[in-house]
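Geometric and topological summary
Each chain, written out:
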Amino acid sequence: MEQAAGCPAVGGSYPQKNAEILSSQYGINLFLAGLLLTFAWAVHAVGISKSHLLSYLITLMLIQLLWMLWYLCRSCTQRRLIRDKDTHAGARWLKCGITLFAVITLILDSFKIGYYIDFSNCLSPTEGIFPVTHAVHTILQVYFLWCHAKDVIQSFKTLERFGVIHSVFTNLLLWTNGVLTESKHQLNEHKERLITLGFGNITIVLDDHAPQCNCTTTTLCSIFSQGIYYLYPFNIEYHILASTMLYVLWKNIGRKVEHHQQNKTPFKFHGITVGMIFGLIVLTSTIAIVVVYLIQIGGSKIKSELALTMFYLHAILVLALMCTAGIVALLIYRLEDRSLDNSKNPARKLDAELLVGTAAGSWLLSWGSILAIICAQGHPKYTWYNLPYSVLVIIEKYIQNLFIIESIHREQEKANDDIKTLRIVTISRGSTLSLTPLYKEVYNGRAARESGGVPCLFKGSICERENDAAGVAKEETSQDNSLVMHSASDFSFYSRNSVTNNKRRILKNIAAFLFLCNLSLWIPPAFGCRPEYDNGLEEIVFGFEPWIIVVNLAMPFSIFYRMHSAASLFEVNCKT
């Protein structure tokens, strides 16, 4: 009987499982083809130019635009239907973040259009079509994610799987293109800096993709060409955030959603003053360090060594503070007895996997630096600071991942409204009588109708004054006998509540501090402050080209880790 009842469900799941497998394979092949085309352009393969790569990306964006328009039109015609929603997906703060990155991406597209106009005599038309198409794609995609990121698609599931997975890998390819373009620009600068540090035995060959013609307006060309590379970090974060939100949408297709009320968790500044102050101190000092680093590095050997030393000392201090804060938070969790939420949640599962997966990028770089320090024959003084820095990077991410993953899996506390008691004070015969009912009685909605002092309103029912003199006398006797018991019960409850609130306050301050620290540590590599390139020791041990390949592969994941950790810590702060 049980097997027969399950047969239709099992049989019906096979087509959907096949559609999921087929769509994922389609997306992977789409991505690999684009990745190979990107690599061929990067290494100047014969017969492959930038116009071929841009044509491929334009085609993918146009296909995604058609699918999103079809989905939006179909949603408008069915807007009266009640749709399932995944309340955990597409949080408002995440939508606001992707909107901010999208706005900066639109500025980047406008710079690219201006750059194309100034060099239109020697650039391919695709370099003018691409930013226009990308701008339209960005606007429509942000609107789509704002309106439909929470959707649990239950109709046209096979077609929608292909449309969503196409969008996921289109954004991944646009992210790859942005990472490569920005990395090539950074690499040219770092090659020149290595000479000032005395590494003259490294072959310096600049990879120049500059147009082979003169600019029509020199000043504007300089602004556009320099401004583009300062805006790329935001464009990179935009596409990786969009791909993760679309991936959650793809995982939710055909999913059976458990209908339960989710408590809203708004962000509040109250109670996190200490964490915010220390975090802002770290943020402002990091910005100052980055500015000084970019000015000093490459100026001379002494200035470059001082810049690297300054960077390492600052990073060591910040990472040590972050490790300490993470350990304190984990110790508080060990003292609490709260169960974990093991319900199915694609967004939460993806968050945890991304934290560990992207942390592997910086772990790879850190172990490479440690190995280089151990194996190198000569050690400039500043390279010794790289050893504690690399060790702390490994430890800090290990601790932080534990804290974030446990935080997002812990069951949220029930709404306790801080104090779930009802205290009524009434003046009777010249004395103040406390008519506080027991905590358990109030919590379960059973307020004792013992008082005869004044009328009170509780849960919509009116407790009227009883005029029975015998009832009043009985109430007074009962009040006298239970006064001590109630006071002891209230004191015990308030003590427990105070301890719980203190723990929550500490955890919220730690989450706020770590949130700002991760934003601070995102800034240096995103804007060109990368000692993995500049100290030169790894290039001597591993060779210039092999180490640069490792850095270029690992650095994007390391940069994304910091932004993703900041987003996760913001959520932790809201939930705590």
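Numbers given for residues are sequential positions, taken from 1 along each chain in its written order. For a predicted model such as this one, the threshold for reporting local features is a pLDDT of at least 70, and the threshold for listing and counting side-chain atom pairs is 80 or more; totals across whole chains, interfaces and linings nevertheless cover every residue. Hydrogens and water molecules were not included; the side-chain quantities draw on all heavy atoms of the structure.

Named according to an unreviewed UniProt entry, the chain is OTOP1 protein originating from Edolisoma coerulescens. What the UniProt record of the chain gives under Sequence similarities (unreviewed entry) is the line "Belongs to the otopetrin family." The Subcellular location (unreviewed entry) comment attached to the chain in UniProt states, word for word, "Cell membrane". UniProt positions are given in the numbering used here, feature names are shortened, and annotations may be inferred rather than shown by experiment.

Regarding the overall build of the chain
Only DSSP runs of H or I with at least four residues qualify as helices, and only runs of E with at least two residues qualify as strands; both kinds are numbered from the N terminus onward. A tally of regular secondary structure across the chain gives 15 helices and 4 strands. For the chain, the residues scored as buried account for 47% of the 576 residues in total. We call two residues contacting when some pair of their heavy atoms lies within 4.5 Å. Pairs at least 24 apart in sequence give 85% of the contacts found in the chain among residues at least 6 apart. Of the roughly 29,300 Å² of accessible surface on the chain, 65% is carried by carbon and sulfur atoms. Partly exposed describes any residue whose relative accessible area lies between the buried limit of under 20% and the exposed limit of over 50%, with all areas from a 1.4 Å probe on protein chains only and scaled to the type maximum. The accessible surface values rely on the Shrake-Rupley method and a 1.4 Å probe; as for residues, cover is taken only from the protein chains in view.

Focus on the packing of aromatic side chains
Planes of paired rings set the category: under 30 degrees apart is stacked, over 60 is edge-to-face and the rest tilted, where pairs are Phe, Tyr or Trp rings (Trp by its six-membered ring) whose centres lie within 6.5 Å. Taken as a whole, this structure holds 21 aromatic pairs when the rule is applied. Pairing F111 with F224 gives two aromatic rings, centres 5.4 Å apart and planes at 65 degrees, and the pair type is edge-to-face. Here F111 is found in helix α3 (residues 92-118), whereas its partner F224 is found in helix α6 (residues 218-251), with 113 residues between them in sequence. Cluster of aromatic residues (ring-pair linked, three or more members): F101, F234, W522 and F527.

Re a nonpolar patch on the surface
Taken together, the side chains of V274, I277, F278 and I281 define a hydrophobic patch exposed on the protein surface, amounting to about 400 Å² of accessible area. The residue I281 is located in helix α7 (residues 273-296) in this model. Residues with no salt bridge and a relative accessible area higher than 30% make up the patches, which join like charges within 9 Å and nonpolar side chains (Val, Leu, Ile, Met, Phe, Trp, Tyr) within 5 Å. By convention in these notes, a salt bridge is any Lys or Arg side-chain nitrogen within 4 Å of a carboxyl oxygen on Asp or Glu.

A short note on the packing of helix α2 (residues 50-77) against helix α4 (residues 126-148)
Inter-axis angles, ranging from 0 to 180 degrees, are taken between N-to-C directions of lines fitted to C-alpha atoms, where helices are fitted over the stretch in contact. Packing of α2 against α4 brings their axes to within 9 Å, and their N-to-C directions diverge by 30 degrees. Taken together, the axes of α2 and α4 are roughly parallel relative to one another. Crossing of α2 over α4 shows left-handed handedness. Note on residue classes: Ala, Val, Leu, Ile, Met, Phe, Trp, Tyr, Cys and Pro are nonpolar, Asp, Glu, Lys and Arg are charged, and everything else, Gly too, is polar. Its residues assigned to classes, the contact of α2 with α4 comprises 17 nonpolar, 10 polar and 2 charged. In what follows, roughly perpendicular refers to angles from 65 to 115 degrees, roughly parallel to angles under 35, roughly antiparallel to angles over 145, and oblique to any angle outside these ranges. Whether a crossing is left-handed or right-handed is set by the direction in which the near helix is turned from the far one by less than a right angle, anticlockwise for left-handed and clockwise for right-handed.

Focus on empty space enclosed by the protein
Here a cavity denotes grid points, spaced 1 Å and computed from the protein atoms alone, that fit a 1.4 Å probe unable to get out, and a pocket denotes an open set having protein on both sides within 12 Å along at least 5 of 7 lines; residues with an atom within 4 Å of a point are the lining. Grid points are joined across faces, edges and corners, and a volume is the space filled by probe spheres set on the points. Enumeration according to the criterion identifies 5 cavities of 30 Å³ or more in this entry. Taken as a whole, the largest cavity spans an internal volume of roughly 370 Å³. F311, Y389, V393, L521 and E532 are the residues nearest the centre of the largest cavity, which is lined by 28 residues in total. For the lining of the largest cavity, the secondary-structure elements that each account for two or more residues are α7, α8 (301-335), α9 (346-375), α10 (386-409), α12 (469-526), α13 (531-534) and α15 (544-575). Residue composition of the lining of the largest cavity, grouped by class: 15 nonpolar, 9 polar and 4 charged. Approximately 110 Å³ is the volume found for the second largest cavity. Taken together, the elements giving at least two residues each to the lining of the second largest cavity come down to α5 (157-196), α6, α12 and α15. The residue makeup of the lining of the second largest cavity, split by class, is 8 nonpolar, 1 polar and 3 charged.

Side note on the nonpolar core
By convention a nonpolar core is built from buried Ala, Val, Leu, Ile, Met, Phe, Trp, Tyr and Cys residues, the set being connected through side-chain atoms within 4.5 Å. Grouped together as the largest cluster of nonpolar side chains are 121 residues, with contacts concentrated most on F144, M322, Y389, F403 and L514. Among the elements that line this core, the one with the most residues is α6, at 16 residues. By convention here, the domain bounds are inherited from an automatic or database domain assignment. For this core, the domains that each give at least three residues are domain 1 (15-257) and domain 2 (269-411 + 499-575). Not counting the four nearest positions on each side in its chain, L514 is found in contact with M322, A325, Q400, F403 and L569.

Describing the packing of α9 against α10
Contact pair α9 / α10: the axes reach a minimum separation of 9 Å and the direction vectors enclose 170 degrees. In terms of orientation, α9 lies roughly antiparallel with respect to α10. Among the residues making up the contact of α9 with α10, the classes are represented as 16 nonpolar, 7 polar and 3 charged.

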